[in-house]
Amino acid sequence: MKVLVTDPIADAGLEVLTDAGYDVETAYELEGEALLEAVSDANGLIVRSGTEVTETVLDAAEELAIVGRAGIGVDNIDIDAATDEGVIVANAPEGNVRAAAEHTVAMTFAAARSIPQAHVRLKDGEWAKSDYLGTELDDKTLGVVGLGRVGQEVAKKLDSMGMDIVAYDPYISEDRAERIGADLVEFEACLEAADFVTVHTPLTPETEGLISDEELELLEGGYLINCARGGVVDEDALAAKVEDGTLEGAALDVFAEEPLSEDSPLLFVDDVIVTPHLGASTEAAQENVATQTAEQVVAAIEGEPVANALNAPSIDESAFPRVEPYIDLAETAGKVAAQLLDGRTESVEVTYEGDIADEDVEFVTASALKGVFEPLEWQVNTVNAPQIAEDRGVDVTESKTRQAADFQSLVSVTVGNGDSELSVDGTLFAGNDPRIVRIDGYRVDAIPHGRMVITRNTDEPGVIGLIGSIMGKHGVNIAGMFNARETIGGEALTVYNVDSDVPEAARDELEADDRIIGVSDITLNGQN
């Protein structure tokens, strides 16, 4: 397995990859054809902000399982294209939280007390003590725009220093805000109430240019700090508002274009402090993001859930062992249900009963969808299966109940075509032994591995013997079977575990008999 690293990361991250037995290729500042060639056989790709992972790059990477971003921001990665290709995109949002928060606090103090400006003048030989009258943070109001991990950490630190905290974040609950000592308010109210505003939002189409002339007017007499993402704040407007005295000052660590242009107006306003994107530049932060990213790359390549996947189901590491046995089971149930249903799949319902209903089953549901669409799509996995469902107009529902009539836990996948539905149920026996226990209402006990042949036939003497004889004649060995029926003499359903595919000639011979209603030959768990 090959992992390509196109931006520098700490050696600790590289060691995680080599310890996993992967071939690690480090090639920095790649672009154009050189990047496409390098990524063509990569199973994993690790980048920071210096590599643009475009649709073209993803198209060239046929073996790619994951793009790991060693940091938080992923605006240099085309997540939609990655999802279409079935490639996981994951970041390391926690590795540099402390470092980013501490830098934000430092920039807040620096702006409030004009520390860099006074430093430069003293270095130049000026004792400019009377030129700088600072602002104390105690009893002032901090406005936090974006109350995510870093925003919360900054709020906690500055709350402990005597600041009152107001926050704007449409995606966080009032209870959560209250627990960290913040009053949740609307955007304009946050700016109006604050003496200092610190920005902690990602750069998205909704947040680009979020703070410009009108918003800065609401902060009159205050300070603006941005150590999150460039482009959220209109830099020209900010420089003008500080220059004309509307704002007392500003401090920025991130910019819309990096490196910052020598012509940027921010560089010519004395009360604007700038640093070259240092928020995550601590030794501990760099090691943390490198190892977290590398660990996620290993998880993706090994087929395990990725903790910080942005476009795929994720699951807490401690919970994974409890749901892992159900992942393949749900995929098998989805595959069997889809291939037995007549007509186009228009709906998928995944139901969890019993103990499994208490778990985080998002990854299991995605696996069920993978099974449903695998016979229809040449490249489908748990990353793009939900998107495939949406693109095909397939209605997907998930339901849970703690009640399970016959089993401790049961996973059911039901597919529908508008006129009819078909369900396949699976469970785990003692020792996490998976079983398909019901198909279209027929009670069975089938091992969901290898190759499975499912026949529908009339319940009368000689039919099962005929099926066995025909498969034997064509060299198909039956490893196991289970037969279920509606009523004596009615319709029956039989599941055969076999050691090889059923030849087309055998299928034709089976289906030529009026007593055999249908034959489905299903390959499970990647066997050919």
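Residues numbered from 1 in each chain as written. Predicted model: local features only at pLDDT ≥ 70, side-chain atom pairs only at ≥ 80, totals over all residues. Heavy atoms only, no water.

Draft legend 1. The arrangement of the overall build of the protein chain in detail. Within the protein chain one finds 17 helices and 22 strands. Its C-alpha atoms give the protein chain a radius of gyration of 30 Å, more than 25% over the compact-globule value 24 Å for 528 residues. For the protein chain, the spread of C-alpha atoms along the three principal axes comes to 105 × 50 × 35 Å. Counting over 528 residues, the protein chain shows a buried share of 51%. Nonlocal contacts in the protein chain, meaning residues at least 24 apart in sequence, comprise 63% of its contacts between residues at least 6 apart. Total accessible area on the protein chain is roughly 24400 Å²; 44% of this is exposed by carbon and sulfur atoms. (Helix = DSSP H or I, 4+ residues; strand = E, 2+ residues; numbered from the N terminus. Rg over C-alpha atoms; globule rule 2.2 N^0.38 Å. Buried < 20%, exposed > 50% of the residue type's maximum accessible area, 1.4 Å probe, protein only. Contact = heavy atoms within 4.5 Å. Areas by Shrake-Rupley, 256 points an atom, 1.4 Å probe, with all protein chains shown as cover.)

Draft legend 2. Examining the sheet that holds strand β4 (residues 66-69) more closely. Spatial strand order, β2-β1-β3-β4-β5: five strands in an open sheet with parallel pairing. Since the sheet does not close on itself, it has two edges, and those belong to β2 (23-26) and β5 (88-91), each with one partner. In this sheet, adjacent strand axes meet at a mean angle of 20° when their direction is disregarded. As paired elements, strand β1 (residues 2-5) and strand β3 (residues 44-47) share three bridges and run parallel to each other. (Pairing = 2+ DSSP bridges. Axes fitted to C-alpha atoms, helices over the stretch in contact; angles between N-to-C directions.)

Draft legend 3. Spatial organisation of unusual backbone geometry. The peptide bond linking E258 to P259 adopts the cis configuration, its omega dihedral lying at 0°. Note on placement: P259 falls in the loop between β11 (249-252) and β12 (272-274). A positive phi angle, close to 60°, is found at E29, a residue other than glycine. With respect to the secondary-structure elements, E29 resides in the loop between β2 and α2 (32-39). The exposure class of E29 is exposed, given its relative accessible area of 75%. In this structure, H277 takes a positive phi of about 55° despite not being glycine.

Draft legend 4. Main features of the packing of helix α16 (residues 463-473) against helix α17 (residues 504-511). One way to put it is that α16 packs onto α17 with a least axis distance of 9 Å and a crossing angle of 155°. Taken together, the axes of α16 and α17 are roughly antiparallel relative to one another. Relative to α17, the crossing made by α16 is right-handed. The residues of α17 that touch α16, namely those facing I467, I470, M471 and K473, are A506, E509 and L510. Looking at side-chain class alone, the contact of α16 with α17 contains five nonpolar, no polar and two charged residues. (Parallel < 35°, antiparallel > 145°, perpendicular 65-115°, else oblique. Left-handed = near helix turned anticlockwise from the far one by under 90°. Nonpolar A, V, L, I, M, F, W, Y, C, P; charged D, E, K, R; others polar.)

Draft legend 5. Structural detail: the pairing of β4. Because side chains alternate across β4, one face comprises the buried residues I66 and G68, and the other comprises V67 and R69, equally buried. A crossover links β3 with its parallel partner β4, the connecting element being helix α3 (residues 55-60), and its sense is right-handed. Here β4 runs beside β5; their pairing, made up of four bridges, is parallel. Note on β5: the bridge partner recorded for R69 is N91. (Right-handed = clockwise from strand over helix to strand, strands pointing away.)

Draft legend 6. Region of the structure containing the side chain of K2. Looking at the secondary structure, you find K2 in strand β1. Dropping the residues within four chain positions of it, K2 is found in contact with D23, E25, A38, D41, A42, N43 and G44.

Draft legend 7. Geometry of the pattern of salt bridges. For the structure shown, the criterion picks out 25 salt bridges. A salt bridge links E94 to R149, with the nearest nitrogen and oxygen atoms 3.6 Å apart. In this pair, E94 is assigned in the loop between β5 and α5 (97-113) and R149 in helix α7 (residues 149-159), connecting sequence segments 55 residues apart. One salt-bridge network, held together by shared partners, links E331, K335, K370 and E374. (Salt bridge = Lys/Arg side-chain N within 4 Å of Asp/Glu carboxyl O.)

Draft legend 8. Structural detail: the packing of helix α1 (residues 11-19) against helix α12 (residues 283-301). Packing of α1 against α12 leaves a shortest axis separation of 7 Å and a crossing angle of 20°. Considering the angle they form, α1 stands roughly parallel to α12. With respect to the hand of their crossing, α1 and α12 are arranged in right-handed fashion. On α12, the residues touching A12, G13, V16 and L17 of α1 are A290, T291, A294, E295, V297 and V298.

Draft legend 9. Structural context of the sheet that holds strand β6 (residues 141-145). Strands sit in the order β8-β7-β6-β9-β10-β11-β12 across an open sheet of seven strands; the sheet is parallel. Each edge of the sheet is formed by a strand with only one pairing partner; in this case those strands are β8 (182-184) and β12. For this sheet the average axis-to-axis angle between neighbouring strands, irrespective of direction, equals 20°. Here β11 runs beside β12; their pairing, made up of three bridges, is parallel. Counted as the bridge partner of A250 is V272 from β12. Packing of α7 onto the sheet brings it into contact with β6, β7 (164-168) and β9 (196-199), and relative to β6 it is tilted by some 175°.

Draft legend 10. Fine view of the nonpolar core. Counting residues in each nonpolar core, the largest one holds 49 residues, and the members touching the most others are I439 and I454. Looking at this core, the element that brings in the most residues is helix α13 (residues 320-340), giving 11 residues. Core analysis: the next-biggest nonpolar cluster, separate from the first, contains 29 residues, A101, M163, I225 and I273 among them. (Core = buried A, V, L, I, M, F, W, Y, C linked by side-chain atoms within 4.5 Å.)

Draft legend 11. Quick look at the packing of aromatic side chains. The full count for this structure, using the stated rule, is two aromatic pairs. On the basis of an interplanar angle of 5° and a centroid distance of 4.6 Å, the ring pair of F196 and Y223 is categorised as stacked. Linking F196 in strand β9 with Y223 in strand β10 (residues 223-226), this pair joins segments that are 27 residues apart in sequence. (Phe/Tyr/Trp six-rings, centres within 6.5 Å; stacked < 30°, edge-to-face > 60°.)

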